[in-house]
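Okay, here's what each chain looks like letter by letter:
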Amino acid sequence: LSLLLLLVPRCHAVAPFPHTFSWKTLPVFFHSQNGTGPWSDEAVKQIARFSLATNEKTHGMRLPNGQKQSEEIAGPYACRQINSQKTGTDAFFYLNSVIDWPFNFALHAKMEANPSWRLKFPNGSDVNLLGNFGYNMTVPEMREAWVNECLNAVSQGCDGCFIDQANVNEGVQGWPASSPVIKRFQEAHMLAISELADRLAPNHYSIFNHLGVTGYNVSTMMIEDFAGSEKCIEVLQTIVQHGLAVEAHAGNEPVGNQCINGDTNAMAAFLIGAGRYSYYHCSHSPYIWNSNPSWPSGPDPWLDWLPEYDFALGEPEGPASRRPSASGSNASLWTRKFASGTVVQFDGGSNNGTIMWANGKIQRGPVVNASSVARSCIWEFI
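Remember, it's a predicted structure, so these values are computed and weren't measured experimentally.

Asker: Would you take a moment to explain the pattern of salt bridges for this structure?
Answerer: Opposite charge on two side chains makes pairing possible when the charged atoms of those side chains draw close. Under the definition given, this model contains nine salt bridges. Across the salt bridge formed by Lys57 and Glu56, the nearest N and O atoms sit 2.8 Å from each other. For the pair formed by Lys57 and Glu56, the shared burial category is buried. One connected set of salt bridges, linked through shared partners, spans Arg118, Lys120 and Asp126.

Here it is as structure tokens:
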């Protein structure tokens, strides 16, 4: 079980988000990988249609000839591929802030060579995180090596980094909850994040998964487990009020979600709560964080460009209004209107959304039991 960081942030203003934004159509982002080699030319052109694009951790790990390459090579190459399209897409390198992934990161060799860089249990043995080492950010040399992973990727063509598990410190498992060791690990973890953000600013930035606190020079975060629920609407609204850019990723909930029409319920909840610099995407199993290698011959929830992505939206006419839902107690019916004439509703009593697009198309999501989306938007530290 992950531990949320309960730290007092440093005195920093919210970092400016160095990217353009438009309400003209649904703002969407991309986050996937091709484990069989570099992106094809056709895939690159498609990825470059999205505002933000992250290459997930095993992207390009295996080459067509069967050989392997490190992510420190594959990731920046993918960034350069995307940026070559000159569409204004920002491209990101993947980096975990807790787990030392061994299969394709060159940083792993340094972790093997430096035992003190690894998180330890009270008995001195290495912490085991899904069979992997954990980064001990209390060691300055380890922290600097981690920060340099991102800085090097940026120097080779990426616009920034996607920092996974930015809200948690799983490496302190096994220590008593009252131990000062936990606090040191937590402080060092956040110090690494703030140092990275400071050194990337002002022209580059990171997307921090689950981390939406102001005060660490953070400009952008991801909600990994967004779904059609009032809880997710309120979480998104809070993040927007903090002045942060945010990627809302749907598809994890409910179980078996196939992102039909981009998941109408989650899309409606997103549009109810979205602000300037909010971006959306839904991906489903078996392609939650990877793409179909047969695309475009086969479907892919990341690379397919949905019709909804081109429907007129326009600036919101204001925040969403809410009134009591007739479908459930202690729930609201939310409504929001956009300049194009598009109107969005979300019923918190039945957890379903309706999008009445300006072009006349009406999308209605299915009624969903609250328990099936109860685990959505639970990891965010905001």
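Past the structure itself, the notes keep going.
Asker: Looking at this structure, I do not really get the side chain of Asn265. What am I missing?
Answerer: Residue placement: Asn265 occurs in helix α7 (residues 264-273). Accessibility expressed as a relative area gives 5% for Asn265, which makes it buried. Within the structure, Asn265 has its side chain in polar contact with the backbone nitrogen of Gly353 (distance 2.8 Å).

Asker: Sorry, what's going on with unusual backbone geometry here?
Answerer: Among all residues except glycine, the phi angle is most often negative; among peptide bonds, the trans geometry is most common. Look at the link from Ala201 to Pro202: it is a cis peptide, with omega at 5°. Here Pro202 lies in the loop between α5 (180-200) and β7 (205-209). Following Trp295, the chain continues to Pro296 via a peptide bond in cis, the omega torsion being 10°. Counting through the fold element by element, Pro296 comes out in the loop between β10 (278-282) and β11 (321-324).

Asker: How should I be thinking about the state of the cysteines in this particular structure?
Answerer: One covalent bond between the sulfur atoms of two cysteine residues makes up a disulfide. Considering all chains together, one arrives at four disulfides under this definition. For Cys79, the disulfide goes to Cys158, at an S-S distance of 2.2 Å. Across the disulfide from Cys79 to Cys158, rotation about the S-S bond amounts to roughly 90°, and the bridge is consequently right-handed. Taken together, the positions of Cys79 in helix α2 (residues 71-83) and Cys158 in the loop between α4 (140-155) and β6 (160-164) put the pair 79 residues apart, joining distant regions of the chain. Pair check on accessibility: Cys79 and Cys158 agree, each one buried. Disulfide pairing places Cys232 opposite Cys377 at an S-S distance of 2.0 Å. Between Cys232 and Cys377, the S-S dihedral sits near 115°, and the bridge is therefore right-handed.

Asker: Just checking my understanding: could you explain the sheet that holds strand β2 (residues 52-55) for this structure?
Answerer: Working definition: the strands of a sheet are paired by backbone hydrogen bonds and lie parallel or antiparallel to each other. Pairing in this open sheet of eight strands is parallel, and the strands run β1-β2-β3-β6-β7-β8-β9-β10 from one edge to the other. If you trace the sheet from one side to the other, it starts and ends with β1 (30-32) and β10, each paired once. Ignoring which end each strand starts from, the neighbouring axes of this sheet average 25° apart. Bridge count for β1 against β2 is three bridges, and the pairing is parallel. Looking at β2, one finds that Phe30 is bridged to Ala53. Strands β8 (220-226), β9 (245-250) and β10 of the sheet are contacted by helix α6 (residues 230-241), whose axis makes an angle of about 180° with β8. Its contacts with the sheet place α7 against β8, β9 and β10, and it is angled at close to 175° to β10.

Asker: When you look at the sheet that holds strand β12 (residues 332-337) in this model, what are you seeing that I'm missing?
Answerer: Reading across from one edge, β11-β12-β13-β14-β15 is the order of the five strands in this open sheet, with antiparallel pairing throughout. Taken across any chain shown, the strands that pair with only one partner, and hence form the sheet edges, are β11 and β15 (362-364). The mean angle between the axes of side-by-side strands here comes to 10°, regardless of whether they run parallel or antiparallel. α6 rests against β11, β12 and β13 (343-347) of the sheet, and its axis sits at about 50° to β12.

Asker: What's the story with the nonpolar core in this structure? I'm lost.
Answerer: The nonpolar side chains of a soluble globular protein tend to be buried with one another. Residues Trp146, Leu211, Ile223, Phe226, Phe270 and Leu271 are the most contacted members of the largest nonpolar core, which totals 108 residues. The element contributing the most residues to this core is α5, with nine residues. Not counting the four nearest positions on each side in its chain, Leu211 is found in contact with Ala166, Asn167, Met190, Ile193, Val218, Met221 and Phe381.

Asker: It is not clear to me how α2 should be interpreted in this structure. Could you clarify?
Answerer: Structural remark: α-helix, 3.6 residues per turn; residues separated by three or four positions point the same way. Counted at 1.5 Å a residue, the expected span for α2 with its 13 residues is 18 Å, and the 18 Å between its end C-alpha atoms agrees. For α2, the set of buried residues is Glu71, Glu72, Ala74, Gly75, Pro76, Ala78, Cys79, Gln81 and Ile82. Looking at the buried side of α2, the elements it contacts are α1 (41-47), β2, β3 (90-96), α3 (107-113) and α4.

Asker: I'm lost on the pairing of β8 in this one. Help?
Answerer: Regular strands show a simple pattern: their side chains alternate between the two faces of the sheet. Of all seven residues making up β8, six are buried, and the element is well covered by its neighbours. Where β7 meets β8, three bridges bridge the pair, whose relative direction is parallel. In the strand pairing of β8, Asn209 is matched with Met222. What joins β8 to β9 is α6, and the crossover it makes is right-handed.

Asker: Looking at this structure, how should I read the packing of α6 against α7?
Answerer: Each packed pair of helices is defined by two parameters, the angle between the axes and the distance between the axes. Contact pair α6 / α7: the axes reach a minimum separation of 8 Å and the direction vectors enclose 35°. Between α6 and α7 the crossing geometry is right-handed. From α6, Ile233, Leu236, Gln237 and Val240 reach across to α7, where they touch Ala269, Phe270, Ile272 and Gly273. Partitioning the contact of α6 with α7 into residue classes produces six nonpolar, two polar and no charged.

Quick notes on the rules
- Throughout this document, residue positions are counted from 1 along each chain, in the order its sequence is written.
- Since the coordinates come from a predicted model, pLDDT governs what is reported: local features require at least 70, and pairs of side-chain atoms require 80 or more to be given and counted, while whole-chain, interface and lining totals use all residues.
- To get the side-chain values, all heavy atoms of the structure are used, and hydrogens and water are removed first.
- We define a salt bridge as a side-chain nitrogen of Lys or Arg found within 4 Å of a carboxyl oxygen belonging to Asp or Glu.
- Exposure categories follow from relative accessible area, calculated using a 1.4 Å probe and restricted to protein chains: below 20% of the type maximum is buried, above 50% is exposed, and the middle band is partly exposed.
- Helical segments are the DSSP runs of H or I of at least four residues, strand segments are the runs of E of at least two, and each set is numbered from the N terminus.
- Under the rule applied, a polar contact is a pair of N or O atoms within 3.5 Å (in protein, one hydrogen donor and one hydrogen acceptor; residues adjacent in sequence only if both atoms are side-chain atoms).
- Note on terminology: disulfide denotes any pair of cysteine sulfur atoms within 2.5 Å.
- Between any two strands, pairing holds if DSSP finds at least two bridges.
- Here an angle of 0 to 180 degrees is reported between the N-to-C directions of two axes, which are lines fitted to C-alpha atoms, with helices fitted over the stretch in contact.
- Any two residues having at least one pair of non-hydrogen atoms within 4.5 Å are treated as being in contact.
- Among buried residues, those of type Ala, Val, Leu, Ile, Met, Phe, Trp, Tyr and Cys that are joined through side-chain atoms within 4.5 Å constitute a nonpolar core.
- An expected span of 1.5 Å times one less than the residue number is assigned to each helix.
- Orient the strands so they point away from the viewer; a crossover is then right-handed if the path from the first strand over the helix to the second runs clockwise.
- Take the far helix as the reference: if the near one is turned anticlockwise from it by less than a right angle, the crossing is left-handed, and if turned clockwise, right-handed.
- Residue type decides the class: Asp, Glu, Lys and Arg count as charged, Ala, Val, Leu, Ile, Met, Phe, Trp, Tyr, Cys and Pro as nonpolar, and the leftover types, Gly among them, as polar.

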